[in-house]
Amino acid sequence: MTSEVEDPDRRDFLVIAGNAFVAVGAAVTLWPFVAQMNPDAGAQALASVEIDLSPVKEGQAITAMWRGKPIFIRNRTPEEIKEAEAVAIADLPDQSARNDLLPETTPALDANRVKDGKVNWLILIGICTHLGCIPKGQAMGDSRGDFGGWFCPCHGSHYDTSGRIRKGPAPRNLEVPPYAFVSDTKIKIG
Amino acid sequence: MDHTSNYEPKSSFAKWWDDRLPVMRLMQGQLIDFPTPRNLNYLWTFGGILTFCLAAQIMTGVVLAMHYQPSAAEAFNSVEAIRRDVNYGWMIRNFHAVGASMFFIAVYIHIFRGLYYGSYKAPREVLWIIGVLIFLVMMATAFMGYALPWGQMSFWGVTVITNLFSSLNEIISGVGTAVVQWLWGGYSVSGTTLNRFFSLHYLLPFVLAGLVILHIWALHVSGQNNPTGLDIKTKADAVPMYPYAIAKDAVGLFAFLLLFAWFVFFLPDYLGHADNYVEANPLVTPPHIVPEWYFLPFYAILRAIPSKLGGVIAMFASIVVLVFVPWLDTSRVRSAKYRPLYKWFFWLLVIACLGLGYLGAKPPEGAYVIWSRIFTFYYFAHFLLVMPILGLIETPKPLPKSISASVLPSGGGGAPQGAAAAPETR
């Protein structure tokens, strides 16, 4: 071991530059093999869907499809709305509204998960935030869990009448997709 | 391990060949002359059985791939066609599907054998870790294979397990979603996902074969462990692999094949789930998603933790912890045969694993959850608390002088008597 530090010479520069070139080249070559697995443009260019809500009577629910995912649409009864509005934020495991059109810090009040003046319409992505099962509660006679919303049979997550997680392993509230009312009884998702 | 090949080329061609590629010399040294402890019991036949299982899965799998169509529209029907139309397709398909279960039965016995007799302890740490890797790759292969029939359990099993990665969102927001969409190739599990799983399901068994070669290589460097846990010290402790160990392996393999064939021909669907004969439907979740039986203990651990990220971490940790077993066990004695206390804790671990397997198939509610938590706690406590502490406080029973002293009435030192090693006596 010598304490003397050699000055970097031309060879050191060539070695470092050469190795850097190889590393960058390897990464650039590898990238297409990683990126090929991502959703392609065809999968990304997903048309938005329009859904007519007029046939859905109070207390009824329908399931639509958007981006290959089920969309829960429920025409809530006044009792269900009242129940959803009465919940204190502090009682919620996930206190974010999870509304794709609102910032993530928006509190999970029922009002932040529906549209003004259309509070009876609850529109959600029907995928349990735990491990992606489809919760029960859409069909007549389904178990709606302890909070009257949805119940995921896979691992026992209970959602309330605003689609918020109340009990069980799911970490987040059911997500509200980006949608808008294009007429009084028609919505456009996406 | 001190051993050499006794290979002697018998013809001038063999001599010519041996000078250029000494593969026969290697084979004779590793598979015929290789010294094996004379006291191996039938639990040591599972290495050979597992090699057979891998070969059988590759053979039947290659044939199935000739008839299978990896597309969302055709996959389910093509599997049904294999069962009904393809000549002998029913038998080959049953061998492959039942074979997966048999592979796991054998691997679990093999792992617990290693845990009981301390086969992971120095100098076999690398051998053991390669084994853990083999187990992981096996699980990935089996998981992707189960997706291929594209039934309801295939589809929802893939959905649940790939969604495990979305828990990464709890560490860095958005990363989990990106990883899951990358795995799926879309915004939900689809035919794209099926196609890539098929490709990887064909690839991974060959990765396994490579790992198995490394596993056997490491085994042949350190030599086999044995029921006493003692090293081979003299020639009298060992017998050549052929015919002794090979013959014993053959007996074990045929007994195993009896069970294998019983399932293939009489109960081919017993180990599967009826829901997988319903074609995949992305809009209907089966009321009760359960993985194949061999994943149930891990599934129970996943569900025992009341937090998504926590459950996922615990599940992966339950396998990762095995990597550290060689250093977690502080005992100087390998075999549990001479560890009066550890022996009991070993059986507690077996009970915890069987219990988790039972609970993994039950709905996640009430007492089932409580018991899952108790067993999960013990599973981790066994490795992280019992193994390090017990090794320090336990007084082992006196060890026999040598392997031969433990099995020969004369007390060892003599020449091998008869063909088979004396059976182990407790």
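Definitions and cut-offs
- Residues numbered from 1 in each chain as written.
- Chains lettered and ligands numbered in written order.
- Predicted model: local features only at pLDDT ≥ 70, side-chain atom pairs only at ≥ 80, totals over all residues.
- Heavy atoms only, no water.
- Helix = DSSP H or I, 4+ residues; strand = E, 2+ residues; numbered from the N terminus.
- Rg over C-alpha atoms; globule rule 2.2 N^0.38 Å.
- Buried < 20%, exposed > 50% of the residue type's maximum accessible area, 1.4 Å probe, protein only.
- Contact = heavy atoms within 4.5 Å.
- Disulfide = S-S within 2.5 Å.
- Pairing = 2+ DSSP bridges.
- Axes fitted to C-alpha atoms, helices over the stretch in contact; angles between N-to-C directions.
- Polar contact = N/O pair within 3.5 Å; in protein donor to acceptor, adjacent residues only side chain to side chain.
- Core = buried A, V, L, I, M, F, W, Y, C linked by side-chain atoms within 4.5 Å.

1. A few points about the overall build of chain A
- Of the regular secondary structure elements, chain A holds 3 helices and 9 strands.
- Listed by position from the N terminus, the elements making up chain A come as α-α-β-β-β-α-β-β-β-β-β-β.
- For 190 residues, the compact-globule estimate of 2.2 N^0.38 gives 16 Å, and chain A exceeds it by more than 25% at 25 Å.
- Its C-alpha atoms give chain A principal-axis dimensions of roughly 85 × 40 × 30 Å.
- Across the 190 residues of chain A, 40% fall into the buried class.
- Restricting the contact set of chain A to residue pairs at least 6 apart, pairs at least 24 apart contribute 54%.

2. What about the state of the cysteines?
Residue and element names in this part refer to chain A.
- Under the defined criterion, the tally for this structure stands at 1 disulfide over all chains.
- Covalently, Cys133 is tied to Cys154 through a disulfide, its sulfur atoms 2.1 Å apart. Classification of the bridge connecting Cys133 and Cys154 rests on its S-S torsion, roughly -105°, and on that basis the disulfide is left-handed. Of this pair, Cys133 sits in the loop between β4 (121–125) and β5 (148–152) while Cys154 is found in the loop between β5 and β6 (157–160), placing the two residues 21 residues apart along the sequence.

3. Concerning the sheet that holds β6(A)
Residue and element names in this part refer to chain A.
- What the 3 strands build is an open sheet, ordered β5-β6-β7; its pairing is antiparallel. Either end of the sheet is taken by a strand with one partner, and the two such strands are β5 and β7 (165–167). Direction aside, the axes of adjacent strands within the sheet are offset by 35° on average.

4. Digging into the side chain of His201(B)
- As for its placement among the helices and strands, His201(B) is situated in helix α9 (residues 191–222).
- In this structure the side chain of His201(B) is engaged in a polar contact, spanning 2.9 Å, whose partner is the backbone oxygen of Thr141(B).

5. Here we look at the nonpolar core
- By size, the foremost hydrophobic cluster in this structure holds 128 residues, and its most contacted members are Ile73(A), Phe104(B), Leu115(B), Phe135(B), Tyr379(B) and Phe383(B).
- Examining the composition of this core, we find that 14 residues originate from one element, helix α6 (residues 125–147) of chain B, more than from any other.
- For Phe135(B), the contacting residues outside a window of four places in its chain are Phe104(B), Val107(B), Tyr108(B), Ile111(B), Phe298(B) and Ile319(B).

6. Brief notes about the sheet that holds strand β2 (residues 61–66) of chain A
Residues and elements named next belong to chain A.
- The sheet built from 3 strands is open, its strands ordered β2-β3-β4 with antiparallel pairing. What marks the edges here is a single partner per strand, and that holds for β2 and β4. Taking each pair of neighbouring strands and ignoring which way they run, the sheet shows an average axis angle of 20°.
- The pairing of β2 with strand β3 (residues 69–75) spans 6 bridges and is antiparallel. Bridge pairing in β3 links Thr63 to Phe72.

So far we have only geometry, and geometry alone does not tell us how the molecule works.
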